[in-house]
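Chain by chain, the residues:
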Amino acid sequence: MSLNVVVLLYLVASIFFIQALKGLSHPSTSRRGNAFGMTGMAIAVFTTVALIYKLAPMAATTGMGWVILGLLIGGTAGTIMAKKVEMTKMPELVAFMHSMIGLAAVFIAIACVAEPWAFNIVEKGGALPVGNRIELFIGAFVGAITFSGSVIAFGKLSGKYKFRLFQGAPVVFSGQHMVNLALGIAMLVCGLWFAATQDWLPFVLMLAIAFVLGVLIIIPIGGADMPVVVSMLNSYSGWAAAGIGFSLNNSMLIIAGSLVGSSGAILSYIMCKAMNRSFFNVILGGFGGEAAVVTGGAQQQRPVKSGSSDDAAFMLSNAETVIIVPGYGLAVARAQHPLKELATKLIEKGITVKYAIHPVAGRMPGHMNVLLAEAEVPYDQVFEMEDVNGEFSETDVVLVLGANDVVNPAAKDPKSVIAGMPILEAYKARQIIVNKRSMASGYAGLDNELFYMDKTMMVFGDAKKVVEDMVKAVE
């Protein structure tokens, strides 16, 4: 196989990746998008194997052994995790995969520095060109930051580790930003030192600083901003791959990495816009941290109006229009299937039912969309925030299931730490039903005035049990 054919096949694989992203942009075409992505990756793997034979025919047997071992380990691990992962654990899986991409970029950079002739960059014994050194420096430090940052994000999203850095609350200390700035400058100095000399010492120091910086960037970010962090790390992993692609002169890595990097950056911007916050404001410490200061004390006990599943079913059955607002609590309870059944029963009674999705509901972008798609909720019943907000004032009943911050009217208060954050305006509906396990605050750590309104009825309990009881009562 000639090198021209290799480049052509890499370009074909890149086209499949572009089609995969296009397909994944909507639930109705997501299966096709996944098929494109898998086909593109299969072409890329096949082409890489052929390239090994082309560049190093004498070492092809040994090289193929490593390739097959890597495919077996990675493929087996990926298959097991994909089969076992629950919808509520999907954000952690995404963060874990980002960390692996970052670490792979670091390892490839180390290999290129150690033996650049093995990658057909220079003749054996020759020095790396300065341009390649800069590319390796960029790819390596972005990969290192992506790896350590994703590990911290994984721990924060998981919520089951007692280690302080892995807890959802922000970790802040005096002079934190100055420390980050100093480390960033030191990392750049080491990178330039490496670019000028190709010595191992500055390269290793640069990697060590980048690993530490990845941790320090993520620990001050509160849980409310984690969806943005996930998309941001997604972008980082793409740029790391693209940087290494330039060093290897690999068009597919450059294109695929750029696609992931740019799409992740665009998604981060969309998420920040949905919270009325700047990207730099998120990176420099989320409103989770500010809220922790504001609401750190014991919350005042306030009376709420509570009812049963039967009461909620009666209100829903006597409504003409119902809007359902799903949140993370719905995902935790795995209640999407009984919710679909409840909606079907209401529609059979002639009631108009719609689902309202906030861009940052759940723990990753599109979490609620995927959740509802899993239950085969018709796409024409699912509406984004900007399309449905104008209908709340004309809606008889809003059913809020496990959502908190995304329906918090405090966003309308200029003095609130979430002031200006676009919300689903459920508080405008004629009647409101809210299902929660308890009166605990959401990610932002704020009390929710929606729960104390006269027209709001709280139904406490596990979302799946509550919705199943509603279904029985409606029947």
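In this text, all values refer to a predicted model and were calculated from it rather than measured experimentally.

Rules behind the numbers
Residues numbered from 1 in each chain as written. Predicted model: local features only at pLDDT ≥ 70, side-chain atom pairs only at ≥ 80, totals over all residues. Heavy atoms only, no water. Buried < 20%, exposed > 50% of the residue type's maximum accessible area, 1.4 Å probe, protein only. Helix = DSSP H or I, 4+ residues; strand = E, 2+ residues; numbered from the N terminus. Arc of directions from axis to C-beta. Contact = heavy atoms within 4.5 Å. Patch = residues over 30% accessible without salt bridge, like charges linked within 9 Å, V, L, I, M, F, W, Y side chains within 5 Å. Areas by Shrake-Rupley, 256 points an atom, 1.4 Å probe, with all protein chains shown as cover. Salt bridge = Lys/Arg side-chain N within 4 Å of Asp/Glu carboxyl O. Pairing = 2+ DSSP bridges. Axes fitted to C-alpha atoms, helices over the stretch in contact; angles between N-to-C directions. Core = buried A, V, L, I, M, F, W, Y, C linked by side-chain atoms within 4.5 Å. pLDDT = per-residue confidence, 0-100.

### Some remarks on helix α15 (residues 367–374)
Inference 1: Residues H367, M368, L371 and L372 constitute the buried set of α15. Along α15, the residues classed as buried sweep out an arc of 125° about the axis, all on the same side.
Inference 2: Buried-residue contacts for α15 involve α4 (90–114), β1 (321–326), α13 (328–333), α14 (336–348), β2 (352–357) and β3 (382–384).
Inference 3: Looking one or two residues past α15, E376 carries a phi angle of roughly 60°, positive in sign.

### Looking at the side chain of E425
Inference 1: Here E425 shows up in the loop between β4 (397–401) and β5 (431–436).
Inference 2: Note on E425: relative accessible area 13%, which makes it buried.

### Examining a nonpolar patch on the surface
Inference 1: Where nonpolar side chains cluster on the molecular surface, the patch consists of M178, L181, I185 and V189 and spans about 400 Å² of accessible area.
Inference 2: Residue position: V189 is located in helix α6 (residues 176–197).
Inference 3: Given a relative accessible area of 48%, V189 falls into the partly exposed group.

### Remarks on the sheet that holds strand β6 (residues 456–460)
Inference 1: Taken together, 6 strands build an open sheet; the order of strands is β3-β2-β1-β4-β5-β6 and the sheet is parallel. The outermost strands of the open sheet, each flanked by one partner alone, are β3 and β6. Strand-to-strand twist across the sheet, computed as the mean angle between neighbouring axes with direction ignored, equals 25°.
Inference 2: Where β1 meets β2, 4 bridges bridge the pair, whose relative direction is parallel. Within the sheet, the bridge partner assigned to V322 lies in β2 and is V353.
Inference 3: Strands in contact with α14 are β1, β2 and β4; relative to β2, the strand with the most contacts, it is inclined by about 145°.

### Here we look at the environment of F166
Inference 1: Within the element layout of this structure, F166 appears in the loop between α5 (130–158) and α6.
Inference 2: Residue classification places F166 among the buried residues on the basis of a relative accessible area of 18%.
Inference 3: Residues F166 and I152, 14 residues apart in the sequence, show an inter-C-alpha distance of 5.9 Å.
Inference 4: Leave out the neighbours within four places in its chain, and F166 touches V151, I152, G155, K156 and Y161.

### Quick look at the pairing of β6
Consecutive residues of a regular strand have side chains that alternate between opposite faces of the sheet.
Inference 1: In terms of burial, β6 is a largely internal element, 4 of the 5 residues being buried.
Inference 2: Bridge count for β5 against β6 is 5 bridges, and the pairing is parallel. Pairing of V434 across the sheet is with M458, part of β6.

### Thoughts on the pattern of salt bridges
Inference 1: Tallying each qualifying case throughout the model produces 8 salt bridges.
Inference 2: Note that R430 is salt-bridged to E394, the shortest N-O span being 3.7 Å. Of this pair, R430 sits in the loop between β4 and β5 while E394 sits in the loop between α16 (385–388) and β4, and the two are 36 residues apart along the sequence.
Inference 3: Residue classification places R430 among the partly exposed residues on the basis of a relative accessible area of 43%.
Inference 4: For E425, the salt bridge is made with K412, and the minimal N-O distance between the two is 3.2 Å. Separated by 13 residues along the polypeptide, E425 in the loop between β4 and β5 and K412 in the loop between β4 and β5 bring together distant segments of the chain.
Inference 5: A cluster of three or more residues bridged by salt bridges with shared partners is formed by E394, D396 and R430.

### Here's the deal with the nonpolar core
Inference 1: Residues F141, M187, F203, M206 and V229 are the most contacted members of the largest nonpolar core, which totals 43 residues.
Inference 2: Counting only elements with at least two residues in this core, the list comes to α4, α5, α6, α7 (200–218) and α8 (226–248).
Inference 3: Looking at this core, the element that brings in the most residues is α5, giving 10 residues.

### Examining unusual backbone geometry
Inference 1: In this model, Q198 sits at a positive phi of 60°, which is unusual for a non-glycine residue.
Inference 2: Phi at R334 takes a positive value of approximately 55°, unusual for a residue other than glycine.
Inference 3: Along the chain, the position of R334 falls in the loop between α13 and α14.

### Some thoughts on the environment of A127
Inference 1: With respect to the helices and strands, the residue A127 is situated in the loop between α4 and α5.
Inference 2: Between the alpha carbons of A127 and W117 there is a distance of 9.3 Å; along the sequence they are 10 residues apart.
Inference 3: Beyond its immediate sequence surroundings of up to four residues, A127 is in contact with V122, R133 and Q198.

### Topic: the side chain of T456
Inference 1: When you line up the elements, T456 lands in strand β6.
Inference 2: Leaving out residues up to four positions away in the same chain, T456 has contacts with K305, I432, V434, L450 and F451.

### Comments concerning the confidence of the model for the protein chain
Inference 1: Confidence along the protein chain averages 84 in pLDDT terms, with 89% of residues attaining 70 or more.
Inference 2: Segment residues 285–298: pLDDT under 50, and 28 contacts once partners within four positions in sequence are set aside and those in other chains are kept.

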